[in-house]
Every structure is written in structure tokens, then in C-alpha cells.
Amino acid sequence: MKKDIHPEYHYDAVVTCACGNTWKTGTIKKEIRTEVCSSCHPFFTGQQQRMLDMEGQVDRFYRRLQARQDYMEDKKTREEAKTSPDRPLEELGLSKRVLESLAKANVTKVADVQEKLAGGDNAMLEIEGFGQKSLVDLKKKLRGLGYELPGSDE
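Read on for an overview of the structure.

Looking at helix 4 (residues 96–104)
Three- or four-residue spacings in an α-helix give side chains the same orientation, since the helix completes a turn every 3.6 residues.
Part 1: Turning to helix 4, its buried residues number three or more, namely Val 98, Leu 99, Ser 101 and Leu 102. The buried residues of helix 4 occupy an angular sector of 165 degrees when the element is viewed end-on, so they sit on one face. Seen from the buried face of helix 4, the exposed residues on the opposite side, beyond 90 degrees, are Lys 96 and Lys 104.
Part 2: Along its buried surface, helix 4 packs onto helix 6 (121–125) and helix 7 (132–144).
Part 3: Downstream of helix 4 by one or two residues, Asn 106 has phi in the positive range, about 65 degrees.

Spelled out as C-alpha cells, the structure:
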């Protein structure tokens, strides 16, 4: 072996933990400081549950779980509102002239349109100021939003 290349070995090196526990061991350093030892580590002391609670991992998991449930409920509510028969026709984006002619005939909700369409397309075409193009546009909008239309002739 080569001379003078090996570090000096200390047989009485002192190891000090952050909890205050100290002991002697042999090492190349004269003094060693640690943050955790067998006297304070949760695995050895049986306080693993306390460590989890201190870190808040369980609480964070339950918050994420609750946030996901809230999101899913909100998404379901939005989907139901999207195809609700009580939805006003103003939300469909129809022209002002078509909306006014439907309002004069007392057709203001999607349920009213579905009711009229149950009697056939002619029932809708009898409305003054409501023509074939308006009917086609209305049906396209309703189908695009996921509504079931009675008496589809197409």
C-alpha cells in the first residue's frame, strides 16, 4: 500500500443528533452531526401516524378527493342543464326575428318546441314569421346540444 494516502481514523468520534442524543463511534471525521437517529426516528419510536399527520399528506389526499367529487358533481349538473327542457330559447343563439316570432306564439322554452314538434313540422311552420329555414336551423341547434326531437322526418 502507498504511504500517506489514507485519511486519519478516529476511534472516539462523537456523533450528535438534533434530538440531543450522542454516542461514540469510529470514523474518519472527528465529529458528526445528524438530524435523525434511532432514538427519534418515527419508525423506531412507533410514531409513524404522527409523522404522516404532521406532513399533512392525509389531509391533502382528502382535499384532492373532495375537489374531484365536487368537479364530477358540477360536470354532471352542467350536462343536465345543457339538455334541460326548461332551457330558454335565447340561449340557443337563434336570430332575433325567429325568437320574436316564437315568443308571440308563446314558445319560449325547449320543452315548448318539443311539444310543438310532437304534432309535426307543420305545427311549427304555422307560427307567423317562422319558416322552413328557421325550422331547420332550430332543429340543428337542438340536435347539436343533444336534445331528442320527436317526429324526425329526416
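Next comes the rest of the description.
Notes on the environment of Glu 31
Part 1: Assignment of secondary structure puts Glu 31 in strand 3 (residues 31–34).
Part 2: Counting along the chain gives 15 residues from Glu 31 to Thr 16, while the straight-line C-alpha distance between them is 7.8 Å.
Part 3: Side chain to side chain, Glu 31 and Arg 33 meet in a polar contact 2.9 Å long.

Describing the pairing of strand 2 (residues 22–27)
Part 1: By the bridge criterion, 5 bridges tie strand 1 (residues 10–17) to strand 2 in an arrangement that is antiparallel. Following the sheet pairing, Ala 13 is matched in strand 2 by Thr 25.
Part 2: Counting the residues that bridge the hairpin from strand 1 to strand 2 gives 4 residues, and of these Gly 20 lies at a positive phi of roughly 105 degrees.

Quick notes on the pairing of strand 1
Part 1: In the sheet, strand 1 pairs with strand 3 via 4 bridges, with the strands oriented parallel. Its bridge partner being in strand 3, Thr 16 is matched across the sheet by Arg 33.

Conventions used here
- Residues numbered from 1 in each chain as written.
- Predicted model: local features only at pLDDT ≥ 70, side-chain atom pairs only at ≥ 80, totals over all residues.
- Heavy atoms only, no water.
- Buried < 20%, exposed > 50% of the residue type's maximum accessible area, 1.4 Å probe, protein only.
- Helix = DSSP H or I, 4+ residues; strand = E, 2+ residues; numbered from the N terminus.
- Arc of directions from axis to C-beta.
- Contact = heavy atoms within 4.5 Å.
- Polar contact = N/O pair within 3.5 Å; in protein donor to acceptor, adjacent residues only side chain to side chain.
- Pairing = 2+ DSSP bridges.

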